[in-house]
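Chains, contacts and geometry: an overview
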Amino acid sequence: MAVDLILLSRVSYCGKEITGPRMRNLFAALAGDLRTGCSAARLVNELWPDQQPEKPAKALQILVSRARSQLGSDLIVSTPTGYRLSLNEDQVDTSAVLLSASASAQCYREGDHAAALTHAEAGLACWDGAEPSDDLVDPLSMLRAERVSTYRSLVRMRAMALSRLGRHADAVEPLIEVFRERPRDEEVLLELLRSESATAGPSAAITRYESYRRSLRDELGTDPGHGLQDMHQQLLHGSLPVRATVPADPNPMVGRDADIAAVTSMISSSRVTSIVGPGGLGKTRLAYAVSRQVTQQAVYLVALAGVAADEEVIGAVSSALGVGGKASEAVSGIATAVGNGPTLLVLDNCEHVVHGVAELVQALVAMRADLSVLTTSRAPLGISSESVYLLPELSLRASMELFVNRAKAARSTVDLNPAAVEDICRKLDGLPLALELAAARVPVMSIADIAARLADRFALLRSGARDAPERHRTLQAVIDWSWNLLDAGCQAAMRALSIFPDGFTADAAQHMLEAGDVLDVLTQLTQQSLLKVTDTPSGTRYRMLETVREFSTARMEPGEVEKVTRRFVEWARDFGIAHHEALFETHPAPLANMLRAEQDNLQLALRHALDLHDSVTVAATTSTLGMLWLVESNFARLAWLITQSEWILSHARPQPAHVGIVRMAAAVSALYAFIISGPHATRSTVTLRRLPSGSPRTFAGAIQEIVRTDDPSSLCDRDEPMLAVMACLTVTFLRQVSGDMAGALAMSERTLTVAKAIPGPLMTAMAHSRVGELYLKADQGARAQRHLATALSLLGDMMTTAGAIRGTWALTMASLQTGDLDTAERLVEEVALLGGHDVVGLAIRSELMLARGQIDAGLRSWRRVVDRMSTTDDLVLGIERSIQEAWWLETHAASLTAHAQHGRLAVVQDTAQILREVLTDILTNRPSPPNFPCYGTVLLAIATVLINSGRPREGARMTALAEAFQFSHGFQPTLAPARARAAAEQADQQAYAEAQATYAKLDTHSLPAAALAAIAQDRG
């Protein structure tokens, strides 16, 4: 791996050593956050941790200037808040090793073990013999320590890839070392047994297996996993697979190792194997690669692209194999020509003569028991001896690798901006031909220009390689080849179905098609590889590649666009009306998956419905999407949805048959507004008051009745369970905001009791979640853990990955409250496996470090949280903008509090003033009771600063005010209530007690004014 900036084994840039400790740490700090860079304040704190210079900003400027003069003026660039490196991730070894580890793991999962090994060894080369360190001394050593886990992961991937590639002698010792460090890693043990058997014999591997089995039984009372048990049986019976050596490809084939292995395996167990997929996917190239790897001694290749009719197939194959004689004897002549013994016959490009090929292949396999046939086609042969391999598109990683390779071959000096390359590859569906055609434009266009012009991909992607077949010279020709094989009815179906942006079901297709047997049409389109069939958790779905979809849309006839759009909107309306209450069913998980699968389609239908002023479809899509996103707590999408739909719904005058769906949409909107901003009048509440009453046993009817009452608590004893539950939940929010936490907890427990009377898990899970949330806010972590874990369990498969991450973060915070650091750390690792690397995780890791006594590392981590919050949004949370503001306040306040508690105020001296100004602005112009805990956390931070700055009386009083705002308790130990209370009592117990008594009398209307007065007094 050729990197420019080296930090792991030494510190150098483009071969020039960087020797000064402070400059070395400057580059380490900037490399730690390569994309966003670091603020000037943070760099000063990192580089001068003990004693800052008299003019820190000037000292930093001098250091940066020196680095620029020595290493290049454009190496460090200025940002609005500080500095960042101008390098890409693959140019800095500390980032490049992360890319290598991720790529190696991805390749291994995809079966591309050669690429996995390449990436692993490239990453390990960055250490260059240096021993990773766990010391936490300065930015450089801390950055190196953070990469220790990556180093170990790369060592593991290298050892396993060596084994999978058959390099068993090279793999044994590394696998032994890895297994010694990870004695319960059965994936590693499986490869160790495989390699040990190949080098030391099966008996050695069997002995190791038995030793592991005994230790597992003695220590845990369990048996090895199924994979190990299967390997044990293979070792006992001597049935380990044998690999054959094959000639190398003339050019590297990217991303197809798993496909080569799968097709090769199919050939060994099936008489006829067909590689099937759309044009431009690389079926021919794959077939040729497989033909060099199979164990058959003889392989014959016959291309059929030039054959015009079914009856010409036998003659074309005979000619290619040099078979003469009478036409009536041609089939037997072909069987004789391929010789005796195991043989593979490869027939390439069969889709346009599929019937002729099917007849020939059927005859040949009946005549020769040792003959295997491999075909490539856009449609399967449809014979009983055939096994079909549906060739997938290239992964994004493989697509980018292929594009980069071809682009560099076309123009070696091309600027390959990773973001632009990724954008191109995402748009081109993983089609190798499309990627190569795009790369062929590199000699005359920049990568950014190519990405921009893909809006008209068929005009752009022309003029392929001169040695390519005519049908592969342009992207248009590739799709035309398949399109012209369709009859008029199938072409019309393709045009109609192309309106779905994210696939469709057979039922949806039935709605869109005017006539004919929909399954027959879908079968024909699938067999021509124009539709891709996927079995999903919500059932079978059909999807067009974006290239095919654009091609089909462009062929709509005059007047057809309006008709197709209307049918699509009608489908969405019917779907929404039928399924808007799906999540309240007894078994909602499959239904949640179904709604999730259609959400992109429903969003497009909503836009069309708004254009058509179709309020019923707007209500149907809003109800369905709104309920799904409420359950997922996806407030960012909810905010968009309500903004789009609220006006037209408030002006709707639905017919009696459609009142219910409009009521549901208004109820979803009203509940969202209540969660975000508390009780207040909105368009949706006005709509609910205007509409006829619904049944209080339904979700929408219950919300409607709550909106119409001045006292929701009066509805908590009603006999209708849904109404009682929603009323109780409403009361818990009202009591919490008013400061009555005990009352809110009592009502939440009551909510849980009533919710159990409602069928299905959703309402019970919501009740458990609410109880757990309140116990978390009340600093009762053990109880919070029980209820939050129960909610996660009940929701189960209903949750998205983001929902599971949010729920696990809440559990982690509960573990921090109880002091169970091991469980908290385990949960952090679980979230990391789910892909949760957001700022929430970084903040929790900061608290874990502080709790374990790693003060410098924990505070440095908190500063990284603050830096990231100033430059990025939290994508995992999916939160709406006003909640982001509260989250920004809470993280900055927690960081400031932690630094004040540990006597490190100098490194965050500007944060306190910034927080005062922001909070003053919010409390003056837009105070929101649901966000009071965040305001309280800011007040606690200010209080902690005051106490640690020689102003104990003011700090004690401000702590009492923070408690009145019910400051957040999530990040502990920093925000532990007992810690805050003890600090206030030690500072000035009398002032603290007096302030508690004063502020306890204030309500939500009076507290903001009290806070503004306290902040003003603090400034004075």
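Residues numbered from 1 in each chain as written. Predicted model: local features only at pLDDT ≥ 70, side-chain atom pairs only at ≥ 80, totals over all residues. Heavy atoms only, no water.

Observations concerning the overall build of the chain
A count of helical and extended segments in the chain gives 47 helices and 13 strands. Expected size for 1020 residues packed as a compact globule is a radius of gyration near 31 Å; at 33 Å, the chain falls within 12% of this value. For the chain, the spread of C-alpha atoms along the three principal axes comes to 115 × 80 × 65 Å. Counting contacts in the chain only where the partners sit at least 6 residues apart, residues at least 24 apart contribute 68% of the total. With an accessible surface of roughly 43300 Å², the chain has 50% of that area assigned to carbon and sulfur atoms. Averaging the locations of the 96 positively and 114 negatively charged side chains of the chain gives two centres separated by 3 Å. (Helix = DSSP H or I, 4+ residues; strand = E, 2+ residues; numbered from the N terminus. Rg over C-alpha atoms; globule rule 2.2 N^0.38 Å. Contact = heavy atoms within 4.5 Å. Areas by Shrake-Rupley, 256 points an atom, 1.4 Å probe, with all protein chains shown as cover. Lys, Arg positive; Asp, Glu negative; His and termini not counted. Charge placed at Lys NZ, Arg CZ, Asp CG, Glu CD.)

Considerations on the pairing of strand β13 (residues 539–543)
When strand β12 (residues 532–536) meets β13, the two strands line up antiparallel, connected through 5 bridges. The partner of T534 across the bridge, within β13, is R541. (Pairing = 2+ DSSP bridges.)

Some points on unusual backbone geometry
Note that the residue after Q972, namely P973, is joined by a cis bond; omega there is 20 degrees. Topologically, P973 is positioned in the loop between α45 (952–964) and α46 (977–999). You will see that D429, though not glycine, has its phi angle at about 60 degrees, which is positive. Relative to the elements of secondary structure, D429 occurs in the loop between α18 (418–427) and α19 (432–439). Residues other than glycine seldom take positive phi values, yet H613 does so here, at roughly 55 degrees. On the basis of relative accessible area, H613 is assigned to the exposed category, the value being 65%. (Buried < 20%, exposed > 50% of the residue type's maximum accessible area, 1.4 Å probe, protein only.)

Comments concerning the packing of helix α6 (residues 139–146) against helix α41 (residues 855–869)
One way to put it is that α6 packs onto α41 with a least axis distance of 12 Å and a crossing angle of 85 degrees. By the criterion of interaxial angle, the relationship of α6 to α41 is roughly perpendicular. Residues P139, M142 and E146 of α6 lie in contact with α41, whose contacting residues are A857, R860 and R864. A class-by-class count of the residues in the contact of α6 with α41 yields 3 nonpolar, no polar and 3 charged. (Axes fitted to C-alpha atoms, helices over the stretch in contact; angles between N-to-C directions. Parallel < 35°, antiparallel > 145°, perpendicular 65-115°, else oblique. Nonpolar A, V, L, I, M, F, W, Y, C, P; charged D, E, K, R; others polar.)

Observations concerning the environment of D867
The residue D867 is located in helix α41 in this model. Its relative accessible area of 8% is what places D867 among the buried residues. It is 9.7 Å that separates the C-alpha atoms of D867 and A41, two residues lying 826 residues apart in sequence. Dropping the residues within four chain positions of it, D867 is found in contact with G37, C38, S39 and R42. At 3.0 Å, the side chain of D867 forms a polar contact with the side chain of S39. A distance of 3.2 Å separates a polar atom in the side chain of D867 from a polar atom in the side chain of R42. (Polar contact = N/O pair within 3.5 Å; in protein donor to acceptor, adjacent residues only side chain to side chain.)

Here's the deal with the packing of helix α7 (residues 148–164) against helix α9 (residues 186–200)
The axes of two packed helices give the description: the angle between them and the distance between them. At a minimum axis distance of 9 Å, the contact between α7 and α9 shows a crossing angle of 40 degrees. The pairing of α7 with α9 is recorded here as oblique in orientation. Our pair here, α7 against α9, has a crossing hand that is left-handed. Of the residues in α9, those touching α7 at R156, M160, S163 and R164 are E187, V188, E191, R194 and S195. In the contact of α7 with α9, the residues fall into 2 nonpolar, 2 polar and 5 charged. (Left-handed = near helix turned anticlockwise from the far one by under 90°.)

Structural notes on the sheet that holds strand β8 (residues 298–303)
Strands sit in the order β8-β9-β10-β7-β11 across an open sheet of 5 strands; the sheet is parallel. Looking at strand neighbours, the two that pair on one side only are β8 and β11 (386–390), the edges of this open sheet. The mean angle between the axes of side-by-side strands here comes to 20 degrees, regardless of whether they run parallel or antiparallel. Bridge analysis of β8 against strand β9 (residues 343–348) gives 6 bridges, and the strand direction is parallel. Considered in β9, the bridge of A298 is made with T343. Here helix α12 (residues 257–269) sits on the sheet in contact with β7 (272–276), β9, β10 (371–377) and β11, set at roughly 175 degrees to β11. Across the sheet, helix α16 (residues 354–367) is in contact with β7, β9 and β10; its angle to β10 comes to roughly 165 degrees.

Topic: helix α30 (residues 635–650)
Along an α-helix, residues three or four positions apart point the same way, because every turn accommodates 3.6 residues. If you check α30, its first and last C-alpha atoms are 21 Å apart, about what 16 residues at 1.5 Å a residue would give, namely 22 Å. The largest bend in α30 is about 30 degrees, located at Q644. All of the buried residues along α30 are F635, L638, A639, L641, I642, S645, E646, I648, L649 and S650. (Expected span 1.5 Å × (residues − 1). Bend = angle between axes of the 7 residues up to and from the residue.)

What to know about the packing of aromatic side chains
All told, the structure shown has 14 aromatic pairs when counted by the stated rule. Look at F584 and F699: their rings are 5.3 Å apart centre to centre, the planes differ by 35 degrees, and that puts the pair in the tilted class. In this pair, F584 sits in the loop between α27 (560–579) and α28 (589–611) while F699 sits in helix α33 (residues 699–708), placing the two residues 115 residues apart along the sequence. By relative accessible area, which is 18% here, F584 ends up buried. Geometrically, the ring pair formed by F674 and F733 is edge-to-face, given 5.7 Å between the ring centres and 85 degrees between the ring planes. Placement of the pair is F674 in helix α31 (residues 659–677) and F733 in helix α34 (residues 721–738), with a sequence separation of 59 residues. Take F674: its relative accessible area is 15%, and that puts it in the buried class. Here a set of aromatic residues connected by ring pairs shows up, and it is made of F500, F504, Y542, F568, W571 and F575. Directly above the ring of F551 sits R555, whose terminal nitrogen or CZ lies 3.6 Å from the centroid. If you follow R770 out to its NZ or CZ, it ends over the ring of F733, 3.8 Å from the centre. (Phe/Tyr/Trp six-rings, centres within 6.5 Å; stacked < 30°, edge-to-face > 60°. Lys NZ or Arg CZ within 6 Å of the ring centre and 35° of its normal.)

Side note on the sheet that holds strand β3 (residues 16–17)
The strand order β1-β2-β3 describes an open sheet built from 3 strands, whose pairing is antiparallel. Of all the strands in the sheet, the pair left with one neighbour each is β1 (5–6) and β3. Of the strand pairs in this sheet, β1 and strand β2 (residues 12–13) are connected by 2 bridges, and their pairing is antiparallel. If you follow L5 over to β2, its bridge partner there is Y13.

Here we look at the nonpolar core
Membership of the largest hydrophobic core comes to 146 residues, with the highest contact counts inside it found for F403, F699 and M726. Here the element with the most residues in this core is α31; it accounts for 12 residues. If sequence neighbours within four positions are ignored, M726 has contacts with L671, F699, A702, I703, I706 and M763. Formed by 77 residues, the second largest nonpolar core is a distinct cluster that contains W862, M869, A893 and L919. (Core = buried A, V, L, I, M, F, W, Y, C linked by side-chain atoms within 4.5 Å.)

Digging into the environment of K283
For K283, the position within the fold is in helix α13 (residues 283–291). When the C-alpha positions of K283 and L961 are compared, they lie 70 Å apart, and in sequence the two are 678 residues distant.

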